[in-house]
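Listed below are the residues making up each chain.
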Amino acid sequence: MITVSSLSYAYPSGETLFFPDFNVPRGKSCLLLGNSGTGKTTLLHLMGGLLRIQKGRVEIDGLDIAKVSESALDRFRGGHIGFVFQRNHLISALSVKRNLLMAPFLAGLPQDEGRVEEVLAQLGLWEKKNARVSELSQGQAQRVAIARAVLNKPSVIFADEPTSALDDHNCSRVIQLLLNVSRQNDCTLVVATHDHRLKSVIPTQVELYAKKHPA
Amino acid sequence: MNLWVLILNYLKSRPLNTALNILLLALGIAMISILVVFNRQFQEKITSNSKGIDLVVGAKGSPMQLILCNIFHVDFPTGNIRLVEAERVARHRLVKRAIPLALGDNYRGFRIIGTSHDYADLYDAKLSQGSLWKEPMEVVIGSDVARALQLSLGSQFTSSHGLSDETHAHDEQQFVVKGILQKANNVVDNLILTGVESIWQVHAVHDETTSSEQSPVRDSSGSSLVPSVAQGDSSKEITAMLVQYRSAMGAIQLPRWVNSQSSLQAASPAFETARLFSILGVGVDILKGFAAVLVFISALSIFIALYNSLKERRYDLAIMRSMGASRTKVFISVLLEGTVLALAGAVVGIVLAHSVMAGISMFVQEARMAGISSLVFYPEEGLILAGSLLLGVVCSMLPAWQAYRIDISRVLAGA
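Cut-offs used in this document
- Residues numbered from 1 in each chain as written.
- Chains lettered and ligands numbered in written order.
- Predicted model: local features only at pLDDT ≥ 70, side-chain atom pairs only at ≥ 80, totals over all residues.
- Helix = DSSP H or I, 4+ residues; strand = E, 2+ residues; numbered from the N terminus.
- Rg over C-alpha atoms; globule rule 2.2 N^0.38 Å.
- Buried ≥ 20, exposed ≤ 12 C-beta atoms within 10 Å, placed from the backbone.
- Contact = placed C-beta atoms within 7 Å.
- Pairing = 2+ DSSP bridges.
- Axes fitted to C-alpha atoms, helices over the stretch in contact; angles between N-to-C directions.
- Nonpolar A, V, L, I, M, F, W, Y, C, P; charged D, E, K, R; others polar.
- Domains from an automatic or database assignment.
- Parallel < 35°, antiparallel > 145°, perpendicular 65-115°, else oblique.
- Left-handed = near helix turned anticlockwise from the far one by under 90°.

Caption draft 1: The overall build of chain A, seen in detail. Within chain A, the regular secondary structure consists of six helices and 10 strands. Over its C-alpha atoms chain A spans a radius of gyration of 17 Å, differing by no more than 12% from the 17 Å that the globule rule assigns to 215 residues. With the principal axes as the frame, chain A shows a C-alpha extent of 50 × 40 × 30 Å. Across the 215 residues of chain A, 44% fall into the buried class. Put simply, of all contacts in chain A between residues at least 6 apart along the chain, 72% involve residues at least 24 apart.

Below is the structure:
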């Protein structure tokens, strides 16, 4: 499903990071662990096609994303990948429902309101569908962001530090939520984090070190 | 969900900023559009009012005053000329048609013009009711006069001396309405037409000692200008005479010939109106400059608004890109936002311009008399709309380009 091999990335500053090879099967979840500066976010962005791959291979759903054009990559992202970021950034000018409908709209997919209601119901947000983003609590906003990530039924969800700012109670709630919706929507889940509380929940783990040389 | 919903929601999320931008642009556009429409209507009125009149012959004085008074009926007469002298001009071989005008009275602000049937013919005035005047003291009224003063066939009224309202009244003589003209959208709509004899008759009563006695008939044929009066009658006076040339030679010879006569002056409507435009043009140019400054400032304001909102919206745009939006899509969304803003400003501006003109033509009598209409749209206004669309595109080009180039990974990583 996801295969990473001999991947490295050179920052504009000249510093180069080398990433370990690994493989995540379909429907499984995986943790990318590492302290800050080990390139977790960079790796996640490389795998999600937000950064162009300079060297090495990343294969998602059988597609070598280093080889496709930028516009093809945009389309691929829209249809196959969902992101959950540390800051649950929603578009504050739009209502909850319209925030969710942005996902199929931007990906160029048919907009299915039934699907929006289904996902909102899965995340216990059904009664908030017409609410303004500013009326949501922090936790509700995060759930809307998760709903937005799974709406297009992507094959992979990449989550960047989804729990690091949360207390223990909320941390386990959010990770369970991510695991549940991934299962319900048949997605592979990749979580990049330095949050060791997640180690016990997701057994498949890739440890990152600040490696300056190829393995 | 589509691009329009997104843009409208973005504009709605900053209501004050959006309103300010629309208002600023609307003011500039309204000013330009008022100038354009007024200028056009003014020129059209002037052309249609002076159509077919090659020369105005009247007493010595300001040539422009002569034109304003005798063609547009806004200024006061330069004085009177003697009918005999007018007849000599009218008999000149280069004159095809000469129409006498006798001014001096009004009825509630509307001028009473003593003239011949040729005057109605000159403006192609068609009767909607009744007939043209035959006897002295019979009048035909323009459509606006009929409407404003609620006059109908057979109505009687007395005139006031002078050309504006509330002056000495000629109570002894009653005018009677014999005909009402169709709306012609020119100066005739606001005039009361009658024979030259009516004006003489009204005034004869109070300068009885000087000119009331009927002059002896010296010639068996009547005057070419006023047939009821004998040719060569030296006691009668008129205000001016409208002249049509027989050939282009008239334009060269006639004005000089008339001006060489001691008491007469000839003024060319074409020349004087061109002079009027060049005088007004300075004021119009200053206003245009001011409007251009307003438009420039509003363009700047739209640019700054987009530029600033883009800073706040970098994260939005990066998220949108992460959800599969292409560079082109975010570029277009920012470009469209600026364009929609500019278009809204232009539409509000043009609506504002026409409302202001509707207000002016309703409350300002001179504008109403001049027949300025607020419901006429000109191709220039389409040009203004297109121009402001272009303005919107230009203003949002740089912010849109920044949106296009946004580095998703850096923004999302919080760098």
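Caption draft 2: Quick peek at unusual backbone geometry. For Ser6(A), which is not a glycine, the phi torsion comes out positive at approximately 35°. Along the chain, the position of Ser6(A) falls in strand β1 (residues 2–10). When the 13 C-beta atoms within 10 Å are taken as the criterion, Ser6(A) is described as partly exposed. The backbone of His73(B) sits at a positive phi, close to 55°, despite the residue not being glycine. Its place among the elements puts His73(B) in the loop between α3 (63–70) and β2 (81–82).

Caption draft 3: View of the sheet that holds strand β4 (residues 29–33) of chain A. Residue and element names in this part refer to chain A. Here we have five strands laid out as an open sheet, ordered β7-β8-β9-β4-β10, and parallel in their pairing. The open sheet has two edge strands, β7 (81–84) and β10 (205–207), and neither has a second partner. The sheet shows a mean angle of 15° between the axes of neighbouring strands, taken without regard to direction. Sheet topology places β7 next to strand β8 (residues 156–160); four bridges connect them, and they run parallel. By the bridge assignment for β8, Gly-82 is matched with Ile-157.

Caption draft 4: Local environment of the pairing of strand β1 (residues 55–59) of chain B. Residues and elements named next belong to chain B. Across the five residues of β1, four count as buried, placing the element largely inside the fold. Inspection of the sheet shows β1 paired to strand β12 (residues 240–245) by four bridges, in the antiparallel sense. Looking across to β12, one finds that Val-56 is bridged to Leu-242. Direction of pairing for β1 relative to strand β13 (residues 264–267): antiparallel, over a ladder of four bridges. Across the sheet, the residue bridging to Val-57 is Ala-266, located in β13.

Caption draft 5: How the structure looks around the interface of chain A and chain B. Taken together, the 25 residues of chain A in the interface contact 19 residues of chain B. Listing elements by their share of the side of chain A that touches chain B, those giving two or more residues are α1 (40–47), α2 (70–80) and α3 (96–107) of chain A. Of the residues forming the side of chain A that touches chain B, the biggest block, seven residues, is contributed by α3(A). Looking at the side of chain A that touches chain B residue by residue, the class counts come to 13 nonpolar, eight polar and four charged.

Caption draft 6: Looking closely at the domain arrangement of chain B. Segmentation of chain B into domains returns domain 1 (3–46 + 280–412) and domain 2 (55–267). Inter-centroid distance (C-alpha atoms) of domain 1 of chain B to domain 2 of chain B is 51 Å.

Caption draft 7: Fine view of the packing of helix α2 (residues 15–49) of chain B against helix α10 (residues 269–322) of chain B. All names here are of chain B. The N-to-C vectors of α2 and α10 enclose an angle of 165°; their axes lie 9 Å apart at closest approach. As summarised for this structure, α2 and α10 are arranged roughly antiparallel, according to the angle between their axes. Handedness of the α2/α10 crossing: left-handed. Listed contacts from α10 to Asn-17, Asn-21, Leu-24, Leu-25, Leu-27, Gly-28, Ile-29, Met-31, Ile-32, Leu-35, Asn-39 and Ile-46 of α2 are Thr-273, Val-284, Leu-287, Lys-288, Ala-291, Leu-294, Val-295, Ile-297, Ser-298, Ser-301, Ile-302 and Ala-305. Classifying every residue of the contact of α2 with α10 gives 16 nonpolar, seven polar and one charged.

Caption draft 8: Here's a closer look at the environment of Leu127(B). Residue and element names in this part refer to chain B. Along the chain, the position of Leu-127 falls in strand β5 (residues 127–130). Taking the C-alpha atoms as reference, Leu-127 lies 5.8 Å from Ile-180; in sequence the two are 53 residues apart. Discounting residues that sit within four places of it in the chain, Leu-127 has contacts with Gly-179 and Leu-181.

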